[in-house]
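# Notes for the structure review
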Amino acid sequence: MWIPKLGGVNTAENLRFTGKGTGARITKTADWWFVSLAVEVPDEHPEKRKTAVGIDVGLNRLVTLSTGEGYENQAFLKTALGKLRQANKRLHRRILGSKNREKARCQVARLHYRITSLRDDVLHKLTTGLADCYGIIGIEDLNLKGLLKNRRLSRSFSDAALGKLLSLLTSKVEQRGGQVIKVGRFFPSSKTCHCCGWKWENMDLSDRVFLCQNPSCAYYQFSQDRDHNASLNILHEALHLIGLIDQVVTDIGSGDDVNLAADVG
């Protein structure tokens, strides 16, 4: 790659896209140099997916799908806290302006970059897989700024990167012709039985198993995973918001246009 005032510079990988280059941006992260290229590529018209899924996000399990699948939260920052503490102590013990301090600073920067790269790799693979499989995705519209104000859980929420998960998922689904439906943050997805609508008013955060107390419900006193039940409610509410709830309950309507992969009990 030819760069003004520097000349030819070797790159570590080849350009993956074919098209007209419109610009480049050079950045430095933890003593590594990166160049981001903007390339004009022809518009693609992807095939629209006809399946729908509800997603419940959290800290114990990063993502729980209404199909029953779950993806654990890797918590890369929590895993590397010990190494980060040692590296920061080593940095603050060095003399300002010395070469040893610069080496210690580079070590801290490389650790942070590694944590970011591991987290981004998981988020990109997860969101790409969901966008390729589903055309309609229902998810909670979380108050991320409010969650970060919780002194006990703010670091865990930052480590999970729920905001980046939502933004990546939205952009990839829309790029493939699908849509992401955001359910209101005050919708009681965890407290409501997905089968009969009974609400567990005094449910605590420590209650990880949902037990419906409605005797006429098919799931009466049946142990359900809290997150799975919430994801089913999110799917139900998301389809209700876009007017497709009849396909979920009775499997009627425009069956040729929509084929919903929903399990509502």
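Computed from a prediction, not measured in an experiment: that's the story for all the values here.

About the cut-offs
- Residues numbered from 1 in each chain as written.
- Predicted model: local features only at pLDDT ≥ 70, side-chain atom pairs only at ≥ 80, totals over all residues.
- Heavy atoms only, no water.
- Phe/Tyr/Trp six-rings, centres within 6.5 Å; stacked < 30°, edge-to-face > 60°.
- Helix = DSSP H or I, 4+ residues; strand = E, 2+ residues; numbered from the N terminus.
- Buried < 20%, exposed > 50% of the residue type's maximum accessible area, 1.4 Å probe, protein only.
- Contact = heavy atoms within 4.5 Å.
- pLDDT = per-residue confidence, 0-100.
- Patch = residues over 30% accessible without salt bridge, like charges linked within 9 Å, V, L, I, M, F, W, Y side chains within 5 Å.
- Areas by Shrake-Rupley, 256 points an atom, 1.4 Å probe, with all protein chains shown as cover.
- Salt bridge = Lys/Arg side-chain N within 4 Å of Asp/Glu carboxyl O.
- Pairing = 2+ DSSP bridges.
- Axes fitted to C-alpha atoms, helices over the stretch in contact; angles between N-to-C directions.
- Expected span 1.5 Å × (residues − 1).
- Arc of directions from axis to C-beta.
- Disulfide = S-S within 2.5 Å.
- Lys, Arg positive; Asp, Glu negative; His and termini not counted.
- Charge placed at Lys NZ, Arg CZ, Asp CG, Glu CD.

## Considerations on the packing of aromatic side chains
Under the defined criterion, the tally for this structure stands at five aromatic pairs. Here the aromatic rings of tryptophan 32 and tyrosine 113 are separated by 5.3 Å at their centres, their planes lie at 40°, and the arrangement is tilted. One end of the pair, tryptophan 32, is in strand 4 (residues 32–40); the other, tyrosine 113, is in helix 3 (residues 99–133), and 81 residues separate them in sequence. Aromatic side chains tyrosine 219 and phenylalanine 222 sit 5.8 Å apart centroid to centroid with 70° between the ring planes, which places their arrangement in the edge-to-face category. On the basis of relative accessible area, phenylalanine 222 is assigned to the partly exposed category, the value being 48%. Here the aromatic cluster, defined as three or more aromatic residues joined through ring pairs, consists of Trp32, Phe34 and Tyr113.

## Observations concerning the environment of glycine 23
For glycine 23, the location among the structural elements is in strand 3 (residues 20–29). Classification of glycine 23 as partly exposed rests on a relative accessible area of 35%. Taking C-alpha positions, glycine 23 is 37 Å from tyrosine 71, a pair spaced 48 residues apart along the chain. If sequence neighbours within four positions are ignored, glycine 23 has contacts with Ser36, Leu37 and Ala38.

## Observations regarding the confidence of the model for the chain
Caution is warranted with low-pLDDT regions, since their predicted coordinates should not be read in detail. Taken residue by residue, the chain gives an average pLDDT of 86. The fraction at 70 or more is 91%. Predicted confidence in the chain is weakest over helix 8 (residues 245–249), with a mean pLDDT of 48, and strongest over helix 2 (residues 81–93), with 95. Confidence over residues 247–265 falls short of pLDDT 50; this stretch has 33 contacts with residues more than four positions distant or in other chains.

## Here we look at a nonpolar patch on the surface
Side chains of Met1, Leu15, Phe17, Ile26, Trp33, Val35, Leu37 and Val41 sit close together on the surface and give an oily, nonpolar patch of about 770 Å² of accessible area. Looking at the nonpolar patch element by element, the count peaks at three residues for strand 4. One can find phenylalanine 17 in the loop between strand 2 (7–8) and strand 3. Take phenylalanine 17: its relative accessible area is 48%, and that puts it in the partly exposed class.

## Some words on the sheet that holds strand 5 (residues 52–57)
Across the sheet, five strands lie side by side as 7-6-5-8-9; this open sheet has mixed pairing. Across the chains shown, the open sheet's two edge strands, defined by having one partner strand only, are strand 7 (70–72) and strand 9 (179–183). Each neighbouring strand pair of the sheet contributes to a mean axis angle of 20°, computed without reference to strand direction. As paired elements, strand 5 and strand 6 (residues 61–65) share three bridges and run antiparallel to each other. What sits directly across from valine 57, in strand 6, is valine 63. Taken strand by strand, helix 3 contacts strand 5, strand 6, strand 7 and strand 8 (136–140), and its axis lies near 5° from that of strand 6. Contacts from helix 7 (residues 226–241) reach strand 5, strand 6, strand 8 and strand 9 within the one sheet, and its direction differs from that of strand 5 by about 130°.

## Quick look at helix 2
The first and last C-alpha atoms of helix 2 sit 18 Å apart over 13 residues, in line with the 18 Å expected at 1.5 Å per residue. Along helix 2, the residues that are buried comprise Leu81, Leu84, Ala87 and Leu91. Axial view of helix 2: buried residues confined to an arc of 125°, hence all on one face. In helix 2, the exposed positions that point more than 90 degrees away from the buried face belong to Gln86, Lys89 and Arg93. Where helix 2 is buried, its residues meet helix 1 (76–79), helix 3 and helix 5 (154–160).

## Examining the state of the cysteines
Taken as a whole and judged by the stated rule, the model has zero disulfides. Cysteine cysteine 195 remains unbridged, with the sulfur of cysteine 217 as its closest cysteine sulfur at 3.9 Å.

## Section: the pattern of salt bridges
Enumeration according to the criterion identifies 10 salt bridges in this entry. The partner of arginine 61 in a salt bridge is aspartate 225, and the shortest N-O contact between them spans 3.1 Å. Residue arginine 61 is found in strand 6, and its partner aspartate 225 is found in strand 11 (residues 224–225); the two are separated by 164 residues along the sequence. A salt bridge links arginine 208 to aspartate 227; its shortest N-O distance comes to 3.3 Å. One end of the pair, arginine 208, is in the loop between strand 9 and strand 10 (209–210); the other, aspartate 227, is in helix 7, and 19 residues separate them in sequence. Aspartate 227 gets classed as buried once you look at its relative accessible area, which sits at 9%.

## Section: a positive patch on the surface
The grouping of Lys78, Arg85, Lys89, Arg93, Arg94 and Arg155 at the surface amounts to a positive patch. Sorting elements by how many residues they give to the positive patch places helix 2 first, with three residues. On the accessibility criterion, arginine 94 (31% relative accessible area) is partly exposed.

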